[in-house]
Amino acid sequence: MTDRLLATALAALVIARGGCADVAAPAASALWAALAALVAAALFWRGAVPPLRAVPAIWIGAAWAGWGLLSIGWSVDRGATLAAATQGAAALCAGLAIAALIARGRRGEDPGGGRRELAWCAVLAGAVAASAAIRQWLFGFPALRDELAAGTLAADLWIRGMADDGRVFGTMLAPDLLAGFLAPALLLAVALALSQSTPLRWLAALCALVIGSALVGTRSVGGAVALALGAAVWGLAALAGRSPAVRRWSLAGLALVIALAIGAAWSRWPGATRRAGERLLNQWAGLRALLEAPLLGHGQDTFGALAPGLRMDAEPLTRYAHGLFGQAACDGGGVGLALAVLLALAVLWQVVRTLRSARASPLQCGAAAAALVALCHGLVDYDLVFAEHLLVLWACLGLSAPLVAPAVPTLRPRWPLQAALVAAALSVVALCGWRAAAAFAIARADQGEPCAGVAARAAAARWSPPDARRDRDTAARWLRCDETVAGARRAVEWTAAARAASRRDMILRAEHAFVLAQAARIEEARAEAEAAATAWPRVGRVHAYRGLVSIAAGEITVAQQCHALATRLDPHDAVVQVLASRLRQLGALP
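Residues numbered from 1 in each chain as written. Predicted model: local features only at pLDDT ≥ 70, side-chain atom pairs only at ≥ 80, totals over all residues. Heavy atoms only, no water.

## Remarks on helix α3 (residues 56–70)
Spacing of three or four residues puts side chains on the same side of an α-helix, whose turn is 3.6 residues.
In step 1: When the terminal C-alpha atoms of α3 are compared, their 21 Å separation across 15 residues agrees well with the 21 Å that a helix rising 1.5 Å per residue should span.
In step 2: Within the sequence span of α3, burial applies to Pro56, Ala57, Ile58, Trp59, Gly61, Trp64, Ala65, Trp67 and Gly68. (Helix = DSSP H or I, 4+ residues; strand = E, 2+ residues; numbered from the N terminus. Expected span 1.5 Å × (residues − 1). Buried < 20%, exposed > 50% of the residue type's maximum accessible area, 1.4 Å probe, protein only.)

Structure, rendered in C-alpha cells:
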C-alpha cells in the first residue's frame, strides 16, 4: 500500500513537471526536483532498485548525472551547473524509481508493475502541455502578448518572436522543445489506444488527437522526422504476428502518427536547410570547446556562457549546442562525451532488444519507439538539457524494459547499493531544497515596489547558491534605483559576484567594467574592458561596453572605433544602440 501511495505521488510529479513545465519559474522547478528526489529516496529505502540488466541505459545515465554534479567543482559557470545538474539528477532519481517499480511488478509483487498507470501519466502530461499550446493556437497570440505585457508569463524577446511567427510553444521555452516532449507522448497514447479496453481506448485516442494537434502547431521539422522514424520502427515490430483486428487498429494509429508528422514538417520544410546549418554551427562550437578542456570539460550547462567566444563569424550561437554530443563535449569534456555516446548506444540496444522480443506487448513496443524518438530528437536539439525531457526518456526506457523470466528470483538490493542510492537522492533533495528556498526568498523580495525591495533581494541573494544572472540582475536594480556613485558602488559588488560565478563570460566582465566606470573607478574599468575585448574579439557587445567605458574616461576617439567595430559585428545589439545614442548626444556620431 505504501509503495502504491509513493508511486501515485511520483506519477503526480511526472504530470506536474511535464505538463506544467514553466522553466522561467526557478522556485517551482527546484521545489519539483526536491519532491521528486524525496519520493525516489523513499522508494529506494523500501528496496525499489531496478536490476542492472533490465535498464542498463539508466545506470549509464546515472554515471552521466553524477559527472554533471561533480563538474560543479570546476565549472566556469557554477550557478548554471548547479541548477542543471540538480534538475537532471532529480529526473534521474524519478526515472530509476519508475524502472524499479516496473521491475518489481514483473517479479510478482505488483501484477502489471504499474506499467499502464505510468504510461497514462506520461500521456496526461503530454495532453496538459498540448492543451496550453492549443489555447495559444485557438485564442490567438494577442492574449498571450497581454500576459507578457502584464508580467504574468515570463518571456524574452525571442518568445515574442515565436508568437509573431505563429508557432505554439505552450509553457516551454520554444516550439522545438514542446515537440520533443509531445512526440514520445503521442506514441505512448497510440500504444495505450491499441492495448486498453474500449472506454480507456477512446480516452487514449482523444489524448492522441490533442497531442497530435499541438504537435502540428509547433511546426517542428526535427520533432516530425523523429516521430515518423519511431512510428515506422514500431510498426515493423508491433504488427508482426498480431491478429488481423490488432493489425487494422495499428495501421490506422500509425497512419495518423505519420500523417501528423508529415503535416508538422511540411509547413516549415523550406527553412529546414538554413536551420540545420545553424544547428551544425552550434554543435561544431561545442566540439571545439572540447579542445580547451579535453578531459573534464567546462561544467554542465556552460555552453551558453562560452558560446559568444566560440563564434567563428558574425553568426551568433545559441545558449545550447542543439545536440547531445556537442553539449556533452563542451560541458563534460572527453568523459562527458564518452558517457553520452555510451548512453545513446545503450538506448538503441534496449530499443532493439525490446522490439525484437516476441513477448513484448504493444505498450512495450510503443514505449521503446517513444524512447527512440526522445533520443533522436535529443541528438539534433537541446531537449536533454531539461528535466522534463530527461524524465520522458527515463520513463520510456523503464516502460519498455523486456520481461524478466519468472524463474529469476526476487533480487533484494544489496545494502551498499541501496544506501548509496538513498544517500544520493537525499543529497539531491538538499541541493534542490536550498535552491528552492533561495528562489522563494528572492521572489518575495521582488514583490512590491522595486527600489524598496532591492535591499531585501540583495540580502536573500547573499545566502543563495551562486547564480551569475541573478547577481547581474541585482546590480542592474541598484543602478536603476540609485543613480548616484553610491548606488554604482553597490552594483559593483554584484557584478563582481557575477564575474566570480561565471569566470569565462567576457560579457559579464565587460558589464563589470561599465559599472566600475559608473562608480568612478576609471583605471580598473579600462583594464577590465580591454581584457574582455581582447578575449572575445568577435562579440559586438563587448566592444560596445568598452566604448561606453571610453566615453566615461573622456576617450571619444576610442569610443568611435569601438562603435564601428561593434556595429560591424552585431549591428542590432541593444548595448551597441546605447553606445550609438551616447555618441550622438556628444556630437561624435552623425
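## Details of the packing of aromatic side chains
In step 1: If you walk through the whole model with that rule in mind, you get five aromatic pairs.
In step 2: When the ring of tyrosine 320 is compared with that of phenylalanine 386, the centres are 5.5 Å apart and the planes differ by 70°; the resulting orientation is edge-to-face. Here the residue tyrosine 320 occupies a position in the loop between α13 (303–306) and α14 (324–356), and phenylalanine 386 occupies one in the loop between α15 (362–380) and α16 (387–400), the gap between them amounting to 66 residues.
In step 3: Given a relative accessible area of 10%, tyrosine 320 falls into the buried group.
In step 4: Through a chain of ring-to-ring contacts, the aromatic side chains of Tyr320, Tyr382 and Phe386 assemble into a single cluster. (Phe/Tyr/Trp six-rings, centres within 6.5 Å; stacked < 30°, edge-to-face > 60°.)

## Digging into the pattern of salt bridges
In step 1: Inspection of the entire model under this criterion finds 15 salt bridges.
In step 2: Residues arginine 319 and aspartate 301 are paired through a salt bridge, measuring 3.4 Å at the closest nitrogen-oxygen approach. With a gap of 18 residues between them, arginine 319 in the loop between α13 and α14 and aspartate 301 in the loop between α12 (272–292) and α13 connect regions that are remote in the sequence.
In step 3: Assessed through its relative accessible area of 7%, aspartate 301 is described here as buried.
In step 4: Between aspartate 471 and arginine 470 there is a salt bridge whose closest N-O contact spans 2.9 Å. When sorted by exposure, aspartate 471 lands in the same class as arginine 470, which is buried. (Salt bridge = Lys/Arg side-chain N within 4 Å of Asp/Glu carboxyl O.)

## Focus on a nonpolar patch on the surface
In step 1: Judged by side-chain polarity, Leu31, Leu35, Leu38, Leu426 and Phe440 come together as a nonpolar surface patch covering roughly 410 Å² of accessible area.
In step 2: Taken together, the elements giving at least two residues each to the nonpolar patch come down to α2 (26–45) and α17 (415–446).
In step 3: For the nonpolar patch, the element with the most residues is α2, which contributes three residues. (Patch = residues over 30% accessible without salt bridge, like charges linked within 9 Å, V, L, I, M, F, W, Y side chains within 5 Å. Areas by Shrake-Rupley, 256 points an atom, 1.4 Å probe, with all protein chains shown as cover.)

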